[in-house]
Amino acid sequence: MEQLPAILGKTVKSFTEEMGVHRDTFMRWCKGAIPCSSLVVLCNRYRISLSSFLVLKESVDVGSRAADYVYPEETWKEVKWDSAPIGRIFGPGGMTGVSGIEAARRLGFSSKQIFDRWRDCPDILRLDDFIRMLNEFKIDATMFLEDDNVPVPLPVWEEDNKHIAEIVADRMKG
């Protein structure tokens, strides 16, 4: 994120103006505090796949050319965000089998209402909290994000010696 303006051949000032945000907001984005909905807007505006931002390693090699990330307009498929599935993850009958109270506690929030807010106000869920939730509860990001340009990577979590494919299959049966 930090290098994106330069990669696109823009100044931070011109980039933030195009995105309609203040420089301080952009600096928070660089630390992971970008709302998921804003990330999707950014991806669609500049035709950059979510897979450029949702990576499986802590440290990645970053290309220096826009051509490394920007898709041609004629092949670009719109990236989409849907926060509604958050309402089906926790609580009775939820896909994780974890209560909302327990989930909030494990993520460091004081109330399970955070999940209702994330579901009902899709612009407030920040990427850093979203990634923490996905990793803590081994949830596939494609429940919320759609990118037909490049598949969103899926970590190879293990739970009770089960590979993620088995975990997902078990949850789908439930």
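Each remark here, short or long, concerns the structure printed above.
A. Quick look at the overall build of the chain. Assigned secondary structure in the chain consists of eight helices and four strands. Listed by position from the N terminus, the elements making up the chain come as α-α-α-α-β-α-α-α-β-β-β-α. Scored against the burial criterion, the 174 residues of the chain give a buried share of 40%. Taking the intrachain contacts of the chain between residues at least 6 apart in sequence as the baseline, contacts between residues at least 24 apart amount to 60%.

B. Quick look at the nonpolar core. Core analysis: the biggest nonpolar cluster contains 43 residues, and F115, F130, M133, F144 and L145 have the highest contact counts within it. Where this core is concerned, the elements lending two or more residues are α1 (4–7), α2 (12–19), α3 (23–30), α4 (36–46), α5 (100–107), α6 (113–120) and α7 (127–137). In terms of residues, this core owes the most to one element, α4, which gives six residues. Dropping the residues within four chain positions of it, F115 is found in contact with I86, F90, G100, A103, A104 and L107.

C. Inspection of unusual backbone geometry at higher detail. In this structure, R47 takes a positive phi of about 55 degrees despite not being glycine. The exposure class of R47 is partly exposed, given its relative accessible area of 23%. In this model, K138 sits at a positive phi of 50 degrees, which is unusual for a non-glycine residue. By the element assignment, K138 lies in the loop between α7 and β2 (145–146).

D. Broad picture of α7. If you check which residues of α7 are buried, you get L127, D129, F130, M133, L134 and F137. An end-on view of α7 places all buried positions within 165 degrees of arc, on one side of the element. Directly beyond the C-terminal end of α7, a positive phi value near 50 degrees is found at K138.

E. Quick look at the pattern of salt bridges. Evaluation of the coordinates by the stated rule reveals nine salt bridges. For E136, the salt bridge is made with R106, and the minimal N-O distance between the two is 2.8 Å. Here E136, found in helix α7, pairs with R106, found in helix α5; they are 30 residues apart in sequence, far enough to count as distant. With a closest N to O distance of 3.8 Å, D129 and R126 form a salt bridge. Judged by its relative accessible area of 33%, R126 falls in the partly exposed class. Connected through salt bridges with shared partners, the residues R126, D128, D129 and R132 form a single ionic network.

F. Main features of the environment of I139. Note on placement: I139 falls in the loop between α7 and β2. For the pair I139 and T96, spaced 43 residues apart in sequence, the C-alpha to C-alpha distance is 8.4 Å.

G. Structural view of the packing of α2 against α3. Interhelical geometry of α2 versus α3 gives an angle of 95 degrees and a closest axis separation of 9 Å. The angle between the axes of α2 and α3 places the two elements in the roughly perpendicular class. The residues of α3 that touch α2, namely those facing V12, F15, T16 and M19, are R23, F26 and W29. Counted by class, the contact of α2 with α3 contains five nonpolar, one polar and one charged residues.

Calculation notes
- Residues numbered from 1 in each chain as written.
- Predicted model: local features only at pLDDT ≥ 70, side-chain atom pairs only at ≥ 80, totals over all residues.
- Heavy atoms only, no water.
- Helix = DSSP H or I, 4+ residues; strand = E, 2+ residues; numbered from the N terminus.
- Buried < 20%, exposed > 50% of the residue type's maximum accessible area, 1.4 Å probe, protein only.
- Contact = heavy atoms within 4.5 Å.
- Core = buried A, V, L, I, M, F, W, Y, C linked by side-chain atoms within 4.5 Å.
- Arc of directions from axis to C-beta.
- Salt bridge = Lys/Arg side-chain N within 4 Å of Asp/Glu carboxyl O.
- Axes fitted to C-alpha atoms, helices over the stretch in contact; angles between N-to-C directions.
- Parallel < 35°, antiparallel > 145°, perpendicular 65-115°, else oblique.
- Nonpolar A, V, L, I, M, F, W, Y, C, P; charged D, E, K, R; others polar.

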